[in-house]
Amino acid sequence: MSEAISPGLENVNIKYTELTYIDGINGIMRYRGYDVNELAARSSFEEVSYLMLFGKLPNYDQLNEFKNHVLSNMVLPDYVLSTMKSLPKKSDALAIMQTAFSALSSNENNYQWNKENDKKTSMAILGQALSIVANTYRIKEGLDTVTPEAHGSYAESFLNACFGESDKEKVRAMDAALILYMDHEIPASTTAALVTASTLSDMYSSITSAITALRGPLHGGAAESAFKQFLEIKTPDNVDSWFQKNIIEPRKRLVGFGHRVYRTFDPRLKTFKEYARSLARTQEQKNLLEIATKLENLGVKNFGGKGIYTNTDFYSGLVFNELGFPLYMFTSLFGLSRISGILAHIIEYVETQERLIRPRAIYNGPGSMEYIEIEKR
Ligand code: CMC
């Protein structure tokens, strides 16, 4: 009888956290005790990042100081921009993002984890991340790279850096998306960052690890895949037959449904759905929204009985599309949102536990073997 392992580290707790609380049965999610939808409705990305990184919501002075630090760090060194530009144009957007962070890590030698350095570096990383993701979009679209200008908020500065313009409702939606995707306890990407940080490597290397893990289709790509389903369906009239032929008959999974933790609707869905509705302005966007709504109803009717409900990625792609982003950017937008959460987790881990993450594997290969010379094999 072999010893037990935990495949996928399922049900293994590797840290305590004061950051994100998830109740998967009742569909509740909170950051440091605050309901995520309330934060998305009433707060800004900067305020919530401050909350996650420093433990409480900021007052005006703290917020302004934080915002100024973050937005003054949007200048990327030339070697980072030229490295990003030198990659093949067809590169995956996340590959460009991970390469940029990896390039920035070349500046780090023997990083010292302490409150002062962690605070300064986190603010720098948030500013640089905005610039990296905006320029990823611009490079892939064949536009000139820019040093983003500081506008009223992080979300506004980001949309302006990408598109050269923004409007109030889009800025609010971008802000809400950044907040809702900011943290989700320790999924694969955050865990990858924790493993790196636990070796006392630097913060940029930890973020690079997280992005490389986020890139995998089992993690970051669901919003993109859910949206592809809507594109494939084409018109609301096709929803029933598409669902029957592509999901029910081949017993396939509907993307944007189901979750390892939630047995009910993903709580973040509520806000994404509201923005997906209010931002649908063109006929094409309204059409996609109608397809999504019909498909969601079918999904809930067929899978709700098993505790399989709509997850946040079902509607977030619609919002990203309505904001003007192409499909290939969806996972990078998720990544940009997640940076604050990852930083907060690695700081929390190093400051409170600082234990090298080094699990074991149970050897089940052959016993002692006699070496055979190559000519005799
Ligand atoms: N559509 C239809 N049936 C499903 C789905 C789905 N999306 N997800 C799970 N099921 C069924 C599954 O077939 C199984 O049925 P049965 O017991 O009859 O064999 C039952 O539900 C339990 O499935 P499971 O594989 O044990 O569930 P899991 O917790 O391992 O899966 C999941 C979680 C997210 C991998 C899965 O729901 C899935 O593949 N969903 C589609 C992809 C998707 O939307 N991914 C984004 C997830 S959110 C990411 C995040 O926020 O971290």
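Residues numbered from 1 in each chain as written. Predicted model: local features only at pLDDT ≥ 70, side-chain atom pairs only at ≥ 80, totals over all residues. Heavy atoms only, no water.

## Concerning the overall build of the protein chain
Part 1 of the argument: Assigned secondary structure in the protein chain consists of 16 helices and 3 strands.
Part 2 of the argument: At 22 Å, the protein chain has a C-alpha radius of gyration in line with the 21 Å of a compact globule built from 377 residues.
Part 3 of the argument: Overall, the protein chain is about 70 × 55 × 45 Å in size when its C-alpha atoms are taken along their principal axes.
Part 4 of the argument: Total accessible area computed for the protein chain in this model is approximately 18900 Å², and 49% of it derives from carbon and sulfur atoms.
Part 5 of the argument: The positive charge centre, built from 41 side chains, and the negative charge centre, built from 44, are 5 Å apart in the protein chain. (Helix = DSSP H or I, 4+ residues; strand = E, 2+ residues; numbered from the N terminus. Rg over C-alpha atoms; globule rule 2.2 N^0.38 Å. Areas by Shrake-Rupley, 256 points an atom, 1.4 Å probe, with all protein chains shown as cover. Lys, Arg positive; Asp, Glu negative; His and termini not counted. Charge placed at Lys NZ, Arg CZ, Asp CG, Glu CD.)

## Quick notes on the site of the ligand
Part 1 of the argument: By nearness alone, 16 residues border the ligand, and Arg253, Leu254, Gly256, Phe257 and Asn311 come closest of all.
Part 2 of the argument: Here an oxygen atom of the ligand sits 2.7 Å away from a polar atom, N or O, in the side chain of arginine 253.
Part 3 of the argument: Phenylalanine 257 places a main-chain nitrogen or oxygen 2.8 Å from a nitrogen atom of the ligand.
Part 4 of the argument: For the ligand, whose unbound accessible area comes to 950 Å², protein coverage reaches 64%.
Part 5 of the argument: Along the lines of polarity and charge, the residues of the shell around the ligand split into 6 nonpolar, 5 polar and 5 charged. (Near = heavy atom within 4 Å. Polar contact = N/O pair within 3.5 Å; in protein donor to acceptor, adjacent residues only side chain to side chain. Nonpolar A, V, L, I, M, F, W, Y, C, P; charged D, E, K, R; others polar.)

## Points about the packing of helix α14 (residues 283–303) against helix α15 (residues 313–322)
Part 1 of the argument: Where α14 contacts α15, the two axes come as close as 11 Å, and the packing angle between them is 175°. Judged by the angle between their axes, α14 and α15 are roughly antiparallel. Residue-level contacts link Gln285, Leu288, Leu289, Ala292, Thr293, Leu295 and Glu296 of α14 to Phe314, Tyr315, Leu318, Asn321 and Glu322 of α15.
Part 2 of the argument: For the contact of α14 with α15, the per-class residue count stands at 7 nonpolar, 3 polar and 2 charged. (Axes fitted to C-alpha atoms, helices over the stretch in contact; angles between N-to-C directions. Parallel < 35°, antiparallel > 145°, perpendicular 65-115°, else oblique. Contact = heavy atoms within 4.5 Å.)

## Points about the domain arrangement of the protein chain
Interface extent is often summarised as the accessible area lost during association of the parts.
Part 1 of the argument: Domain annotation for the protein chain reports domain 1 (20–218 + 331–352) and domain 2 (222–322).
Part 2 of the argument: A C-alpha centroid distance of 26 Å is found between domain 1 and domain 2.
Part 3 of the argument: The interface is formed by 24 residues belonging to domain 1 together with 23 residues belonging to domain 2.
Part 4 of the argument: When the two sides are added together, the surface that domain 1 and domain 2 hide from each other amounts to roughly 1900 Å², 61% of it contributed by carbon and sulfur.
Part 5 of the argument: Its largest share of buried area at the contact with domain 2, domain 1 owes to Asn37, Glu169 and Tyr181, together 28% of the area lost on that side.
Part 6 of the argument: On the surface where domain 1 and domain 2 come into contact, there are 2 salt bridges.
Part 7 of the argument: Between glutamate 169 and arginine 281 there is a salt bridge, with its nearest N and O atoms 3.2 Å apart. (Domains from an automatic or database assignment. Buried area = accessible area lost by both parts, 1.4 Å probe. Salt bridge = Lys/Arg side-chain N within 4 Å of Asp/Glu carboxyl O.)

## Topic: the pairing of strand β2 (residues 28–31)
Part 1 of the argument: The two faces of β2 differ: Met29 and Tyr31 on one face are buried, but Ile28 and Arg30 on the other face are not.
Part 2 of the argument: Judged from the 4 bridges that link them, strand β1 (residues 20–23) and β2 form a sheet pairing that is antiparallel. What sits directly across from aspartate 23, in β2, is isoleucine 28.
Part 3 of the argument: Hairpin geometry of β1 and β2 is characterised by an intervening segment of 4 residues between the two adjacent antiparallel strands and by a positive phi of about 65° at glycine 27.
Part 4 of the argument: Two strands pair when backbone bridges link them, and β2 and strand β3 (residues 34–35) are joined in this way by 2 bridges, in the antiparallel orientation. When the bridges of β3 are listed, tyrosine 31 appears paired with tyrosine 34.
Part 5 of the argument: Counting the residues between successive antiparallel strands, the hairpin from β2 to β3 contains 2 residues, one of them, arginine 32, with a positive phi of roughly 45°. (Buried < 20%, exposed > 50% of the residue type's maximum accessible area, 1.4 Å probe, protein only. Pairing = 2+ DSSP bridges.)

## As for the sheet that holds β3
Part 1 of the argument: Pairing is antiparallel in the open sheet, where 3 strands are placed in the order β1-β2-β3. Either end of the sheet is taken by a strand with one partner, and the two such strands are β1 and β3.

## Observations concerning the UniProt feature "active site" (unreviewed entry) in the protein chain
Part 1 of the argument: Residues given the UniProt feature "active site" (unreviewed entry) here are His259 and Asp313. Spanning 55 residues, the annotated positions come together in the fold, the maximum distance between their C-alpha atoms being 10.5 Å.
Part 2 of the argument: For histidine 259, the location among the structural elements is in the loop between α12 (239–248) and α13 (269–278).
Part 3 of the argument: Discounting residues that sit within four places of it in the chain, histidine 259 has contacts with His184, Arg268 and Asn311.
Part 4 of the argument: Engagement of the side chain of histidine 259 in a polar contact is seen with the backbone nitrogen of valine 261, the distance being 2.9 Å. (UniProt positions renumbered as here; feature names shortened; annotations may be inferred.)

## Section: the packing of aromatic side chains
Two measures describe an aromatic ring pair: the distance that separates the ring centres and the angle between the ring planes.
Part 1 of the argument: Under the definition given, this model contains 20 aromatic pairs.
Part 2 of the argument: Taken together, a centroid distance of 5.2 Å and an interplanar angle of 75° make the contact between tyrosine 137 and phenylalanine 163 edge-to-face. With tyrosine 137 in helix α6 (residues 115–140) and phenylalanine 163 in helix α7 (residues 154–163), this pair connects stretches of sequence that are 26 residues apart.
Part 3 of the argument: By the ring-pair criterion, three or more aromatic residues cluster together here, those being Tyr181, Phe227, Phe230, Phe257, Phe272, Phe314, Tyr315, Phe320, Phe330 and Phe334.
Part 4 of the argument: For lysine 140, the ring lying beneath its charged end belongs to tyrosine 328, and the centroid distance is 5.0 Å. (Phe/Tyr/Trp six-rings, centres within 6.5 Å; stacked < 30°, edge-to-face > 60°. Lys NZ or Arg CZ within 6 Å of the ring centre and 35° of its normal.)

## Topic: the nonpolar core
Part 1 of the argument: Counting 112 residues, the largest nonpolar core has Tyr31, Phe101, Tyr154 and Phe158 as its most contacted members.
Part 2 of the argument: When residues of this core are assigned to their parent elements, the largest contribution, 12 residues, is made by helix α16 (residues 330–352).
Part 3 of the argument: In this structure, this core is formed jointly by two domains, domain 1 (20–218 + 331–352) and domain 2 (222–322), each of which donates at least three residues.
Part 4 of the argument: Leave out the neighbours within four places in its chain, and phenylalanine 158 touches Leu130, Val133, Ala134, Met174, Phe325, Leu333 and Leu336. (Core = buried A, V, L, I, M, F, W, Y, C linked by side-chain atoms within 4.5 Å.)

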